[in-house]
Amino acid sequence: QVQLVESGGGLVQPGESLRLSCVASGVSFGIAPKGWYRQAPGKQRELVARITSRGSTNYVDSVKGRFTISTDNAKNTVNLQMNNLKAEDTAAYYCNVVDPWTGRTYWGQGTQVTVSS
């Protein structure tokens, strides 16, 4: 059974930082494509950042230069370092892992990030 457990969300002021973490179990984490998505109220879920098994990354334009995705395969963890947060980054953030053998996509339960002064 695949489980993804996110942590690290919270309420911060504009310009501050947060680090999200997602611990995975039940999946071949090291070779699985991984990513972070977010969904703001009334909006569609969007890709924020993703990383391949080879370490290639890509980001949505609005977070380039501010967010960094990384993995610790020894701990089955994918992280999202978010710096210089803006009000428009406010959303529920979801961890995503694609099982490399079945192609099935798995989601975490989400962690709320609120950026407000």
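Preceding block: the structure.
Notes on the structure follow. Owing to the predicted nature of the structure, the values given are computational and were not obtained by experimental measurement.

**Examining the pattern of salt bridges**
Working step 1: Taken as a whole and assessed by the stated rule, the structure comprises four salt bridges.
Working step 2: In this structure, Arg38 and Glu46 form a salt bridge, with 2.7 Å as the shortest nitrogen-oxygen distance.
Working step 3: Take Glu46: its relative accessible area is 31%, and that puts it in the partly exposed class.
Working step 4: The salt bridge partner of Arg66 is Asp89, with a shortest N-O separation of 2.8 Å. Taken together, the residues Arg66 in the loop between β6 (57-59) and β7 (67-72) and Asp89 in the loop between β8 (77-82) and β9 (91-98) connect sequence positions 23 residues apart. Asp89 shares its class with Arg66; the two are buried.
Working step 5: Each of Arg38, Glu46, Arg66 and Asp89 takes part in one network of salt bridges that share partners.

**With respect to the state of the cysteines**
Working step 1: Under the criterion given, the structure shown has one disulfide.
Working step 2: One disulfide bridge connects Cys22 with Cys95, the sulfur atoms lying 2.2 Å from each other. The S-S bond linking Cys22 to Cys95 shows a torsion near -80 degrees; that makes this disulfide left-handed. In this pair, Cys22 sits in strand β3 (residues 18-25) while Cys95 sits in strand β9, placing the two residues 73 residues apart along the sequence.

**Considerations on the environment of Val27**
Working step 1: Tracing the backbone through its elements, the reader meets Val27 in the loop between β3 and β4 (34-39).
Working step 2: When the C-alpha atoms of Val27 and Val5 are compared, they prove to be 13 Å apart, with 22 residues separating the residues in sequence.

**Some points on the packing of aromatic side chains**
For any two aromatic rings, the description comes down to two numbers: the centre-to-centre distance and the angle of the planes.
Working step 1: In the structure shown here, the tally under the stated rule is one aromatic pair.
Working step 2: Seen from their ring centres, Tyr37 and Trp107 are 4.9 Å apart, and the 75 degrees between their planes marks the pair as edge-to-face. Of this pair, Tyr37 sits in strand β4 while Trp107 sits in strand β10 (residues 105-107), and the two are 70 residues apart along the sequence.
Working step 3: Just above the ring of Phe29 sits the side chain of Lys34; from NZ or CZ to the centre is 4.5 Å.
Working step 4: Over the aromatic face of Tyr94 sits the side chain of Arg45, whose NZ or CZ is 3.8 Å from the ring centroid.

How each quantity is defined
- Residues numbered from 1 in each chain as written.
- Predicted model: local features only at pLDDT ≥ 70, side-chain atom pairs only at ≥ 80, totals over all residues.
- Heavy atoms only, no water.
- Salt bridge = Lys/Arg side-chain N within 4 Å of Asp/Glu carboxyl O.
- Buried < 20%, exposed > 50% of the residue type's maximum accessible area, 1.4 Å probe, protein only.
- Helix = DSSP H or I, 4+ residues; strand = E, 2+ residues; numbered from the N terminus.
- Disulfide = S-S within 2.5 Å.
- Phe/Tyr/Trp six-rings, centres within 6.5 Å; stacked < 30°, edge-to-face > 60°.
- Lys NZ or Arg CZ within 6 Å of the ring centre and 35° of its normal.

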